[in-house]
Amino acid sequence: MRTIVTNNVLVREKASGARVLHVLGSAAAVYVTARDMIHQGWVLGSHPLTGGVSAASQPYRSLLMEPGDGPVSCRSLALIEAALHRMTPGHPSVEHDPDYQWLDYELSRDWGGDLA
């Protein structure tokens, strides 16, 4: 079953067509969780750097993961590693959290029915 890996409570609440794995932590923690899943045979169903939003400035990330049907996906692994390398320590202003959550949610709505 398709799985959304997210640290965004708004995405978790709106998910309807997929299982949700809620990650407590940063966007980097979402990427690490996705990388672990890729090593277990899962495939990225969405791009980890979608929307042209700097990985370092966006505290919320949601990724769609799909079950794989073979060995580790080299493409998925390369994409998630590239995203991890773009992460830099930073703490965006907490006062803008709802804006960042909404942006991540809106970027995730293109996945085809997994979010209300």
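Notes on the structure follow. Going along each chain's sequence as written, the residues are numbered from 1 onward. The model is predicted, so local features are restricted to residues of pLDDT at least 70 and side-chain atom pairs to those at 80 or more, both for listing and for counting; the totals for chains, interfaces and linings are taken over all residues. As a rule here, side-chain values cover all heavy atoms of the structure and leave hydrogens and water aside.

**A look at empty space enclosed by the protein**
Cavities and pockets were defined on a 1 Å grid built from protein atoms only: a cavity is a group of points that admits a 1.4 Å probe but offers it no way out, a pocket is an open group of points flanked by protein on both sides within 12 Å along at least five of seven lines, and a lining residue is one with an atom within 4 Å of any such point. Grid points are joined across faces, edges and corners, and a volume is the space filled by probe spheres set on the points. According to the stated counting rule, one finds one cavity of 30 Å³ or more in the structure shown. The space that makes up the largest cavity amounts to roughly 60 Å³. Along the walls of the largest cavity sit ten residues, with Thr-50, Tyr-60, Arg-61, Asp-104 and Leu-107 positioned nearest its centre.

**Some points on the pairing of strand β4 (residues 62–66)**
Remark: exposure states derive from per-residue accessible area (1.4 Å probe, protein chains only) relative to the maximum for the residue type, with buried under 20%, exposed over 50%, and partly exposed in between. Going along the chain from the N terminus, every DSSP run of H or I of four or more residues is numbered as a helix, and every run of E of two or more is numbered as a strand. Taken across its five residues, β4 has four buried, putting it largely inside the fold. A pair of strands is labelled paired if DSSP reports no fewer than 2 bridges between them. Sheet topology places strand β1 (residues 3–6) next to β4; four bridges connect them, and they run antiparallel. The partner of Thr-6 across the bridge, within β4, is Ser-62. As paired strands, strand β3 (residues 43–44) and β4 are joined by two bridges and run antiparallel to one another. Bridge assignment links Val-43 to a residue of β4, and that residue is Glu-66.

**A look at the environment of Pro-98**
Here Pro-98 is to be found in helix α4 (residues 97–108). Its relative accessible area of 54% is what places Pro-98 among the exposed residues. The spatial distance from the C-alpha of Pro-98 to the C-alpha of Asn-8 is 9.9 Å, given a sequence separation of 90 residues.

**Some points on the sheet that holds β1**
Ordered by their spatial adjacency, four strands build an open sheet running β2-β1-β4-β3, and the pairing between neighbours is mixed. Unpaired on one side and paired on the other, β2 (19–22) and β3 mark the two borders of the sheet. In terms of strand pairing, β1 meets β2 through four bridges, oriented parallel. Pairing of Thr-6 across the sheet is with His-22, part of β2. Running at roughly 5 degrees to β4, helix α2 (residues 27–39) makes contact with β1, β2, β3 and β4 of the sheet. The criterion used for residue contact is that any of the two residues' heavy atoms lie within 4.5 Å. Axes here refer to lines fitted to C-alpha atoms; in helices the fit is confined to the stretch in contact. Angles between the N-to-C directions go from 0 to 180 degrees.

**A few points about the pattern of salt bridges**
Salt bridge, as used here, is a side-chain nitrogen of Lys or Arg placed within 4 Å of a carboxyl oxygen of Asp or Glu. Scanning the entire structure with this criterion turns up three salt bridges. Across the pair Arg-2 and Glu-66 runs a salt bridge whose closest N-O atoms are separated by 3.2 Å. Residue Arg-2 is found in the segment before β1, and its partner Glu-66 is found in strand β4; the two are separated by 64 residues along the sequence. Residue class for Glu-66 comes out partly exposed when judged on its relative accessible area of 27%. A salt bridge links Arg-109 to Glu-106; the nearest nitrogen and oxygen atoms lie 3.3 Å apart. We classify Arg-109 as partly exposed; its relative accessible area is 42%.

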